[in-house]
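Fold and contact review
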Amino acid sequence: MPELPEVETIARQLRGLVVGRTVKRFRSLWHRVTEPEPAALFARRLSGRRITGVRRRGKFVVIDLEGDEALIVSLRMTGQLLFHEEAVRANPHRRAHIDFADGTALEFADTRKFGRMAIVEASALEGSTERRRRVGEPLHRYLGVEPLSRRFTVRWLSEFLKRRSRSAIKPLLLDQTGIAGIGNIYAIEALWRAKIHPLRTAGSLRADEIARLHEALRWVLQKGIRYGGASRRDYRDARGAEGRMQQEFQVYDRAGEPCPRCGAEVARTVVGGRGTFHCPKCQRAPRARA
Ligand SMILES: [Zn+2]
């Protein structure tokens, strides 16, 4: 599942590939891609629009259009945005594509079909933080702070953890309305680096642990970007290439292997419904309450 580094990699590549191009037509091959907007209406709104920028917000690829609107793409589990210099053989997992006026194309492929696209006001993506999402409201309106932005300071993190003091730290890191862009893999790697057990409550973290977590989050995310993201099953960048970050995982998907720091056996548990990996020696379990 693409997280911040994977989406950032795609957005950076697409920036060099699609900015300045004009949409000739949009075609949907899976009706839910543009849901709840009908694909025909969606296509009319995109037609003739010039692309002015590509960026990332949380785990969304944001393709800015002329006129303060943006096409946002949620890749979810298996979505891929693939740029093509020319028309290519139909991919059985193609769910939508944009043909540009100059003959190039952007394909949205998605084996599991959870990925979605929407056209939104560009300003709707900014400034929202830690607002509780209401049922039925699209996620992009409730994205929290960007962990690689200047706003994400140790002080911000420590106040955030105080406000959510009873939550277990790992599910809290995955909550996109608090910190945007972190998913299962990078949360696991950051907690290992910071030597914090995934079940510790946010309120139990000491100041030195919060500072370590802040450093670890930024470190693993930046490393993920440097390695072009992590490819496990489906992630590919905009050129169709795999990332290399999967070779750098310290504990993720390494149950039974020695912890690279202390040699103890990496454990697999389930926290908040998600498979989790940690070192039982470096990341001490919270003490049970009497
Ligand atoms: Zn260890």
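Our subject is the structure that appears above.
This part covers the sheet that holds strand E8 (residues 116-121). One open sheet holds the four strands; their spatial order is E2-E3-E4-E8, and the pairing between them is antiparallel. Strands at the two margins of the open sheet, each flanked by one partner only, are strand E2 (51-57) and E8. Within this sheet the neighbouring strands show an average axis-to-axis angle of 25°, counted without direction. Running at roughly 50° to E8, helix H2 (residues 39-46) makes contact with strand E3 (60-65), strand E4 (69-74) and E8 of the sheet.

At 2.2 to 2.4 Å from the zinc ion lie its protein donor atoms, namely Cys259 (SG), Cys262 (SG), Cys279 (SG) and Cys282 (SG). Geometry at the zinc ion is tetrahedral, judged from its four donor atoms and the angles of 99 to 115° they form at the metal. Spacing between the donor residues of the zinc ion along their common chain follows C-x2-C-x16-C-x2-C. Separated by 20 residues along the polypeptide, Cys259 in the loop between helix H6 (207-226) and strand E9 (267-271) and Cys279 in the segment after strand E10 (274-278) bring together distant segments of the chain. Since its relative accessible area comes to 0%, Cys279 is described here as buried.

Below, the discussion takes up the packing of helix H5 (residues 184-194) against H6. Running from N to C, H5 and H6 cross one another at 130°; their axes reach a closest spacing of 8 Å. By the angle between their axes, H5 is oblique relative to H6. H5 and H6 meet at a crossing whose hand is right-handed. Residue-level contacts link Tyr186, Glu189, Ala190, Leu191, Arg193 and Ala194 of H5 to Arg212, Leu213, Glu215, Ala216, Leu217, Trp219, Val220, Leu221 and Gly224 of H6.

Turning our attention to a nonpolar patch on the surface. Together, Met1, Met77 and Phe114 line one region of the surface with nonpolar side chains, adding up to about 260 Å² of accessible area. Relative to the helices and strands, Met77 resides in the loop between E4 and strand E5 (79-84).

Tracing the chain through its elements places His197 in the loop between H5 and H6. Side-chain polar atoms of His197 contact the backbone nitrogen of Leu199, separated by 3.0 Å. At a separation of 3.4 Å, a polar atom in the side chain of His197 contacts the side chain of His278. Filtering out sequence-adjacent residues up to four positions away, His197 remains in contact with Ile169, His278, Gln283, Arg284, Ala285 and Pro286.

The subject of this paragraph is unusual backbone geometry. What is expected of a backbone is that most residues other than glycine have negative phi and most peptide bonds are trans. Cis rather than trans, the peptide bond between Glu35 and Pro36 has omega equal to 10°. Within the element layout of this structure, Pro36 appears in the loop between strand E1 (23-28) and H2. You will see that Arg76, though not glycine, has its phi angle at about 45°, which is positive. Secondary-structure assignment places Arg76 in the loop between E4 and E5. For Arg76, a relative accessible area of 40% corresponds to the partly exposed category. Unusually for a residue other than glycine, Asp253 sits at a positive phi of about 60°. By the element assignment, Asp253 lies in the loop between H6 and E9.

Rules used throughout
Residues numbered from 1 in each chain as written. Predicted model: local features only at pLDDT ≥ 70, side-chain atom pairs only at ≥ 80, totals over all residues. Heavy atoms only, no water. Pairing = 2+ DSSP bridges. Helix = DSSP H or I, 4+ residues; strand = E, 2+ residues; numbered from the N terminus. Axes fitted to C-alpha atoms, helices over the stretch in contact; angles between N-to-C directions. Contact = heavy atoms within 4.5 Å. Donors = N, O, S within 2.8 Å, 3.2 Å for Na, K, Ca; no water. Tetrahedral: all angles 85-135°; square planar, octahedral: opposite > 155°, others 65-115°. Buried < 20%, exposed > 50% of the residue type's maximum accessible area, 1.4 Å probe, protein only. Parallel < 35°, antiparallel > 145°, perpendicular 65-115°, else oblique. Left-handed = near helix turned anticlockwise from the far one by under 90°. Patch = residues over 30% accessible without salt bridge, like charges linked within 9 Å, V, L, I, M, F, W, Y side chains within 5 Å. Areas by Shrake-Rupley, 256 points an atom, 1.4 Å probe, with all protein chains shown as cover. Salt bridge = Lys/Arg side-chain N within 4 Å of Asp/Glu carboxyl O. Polar contact = N/O pair within 3.5 Å; in protein donor to acceptor, adjacent residues only side chain to side chain.

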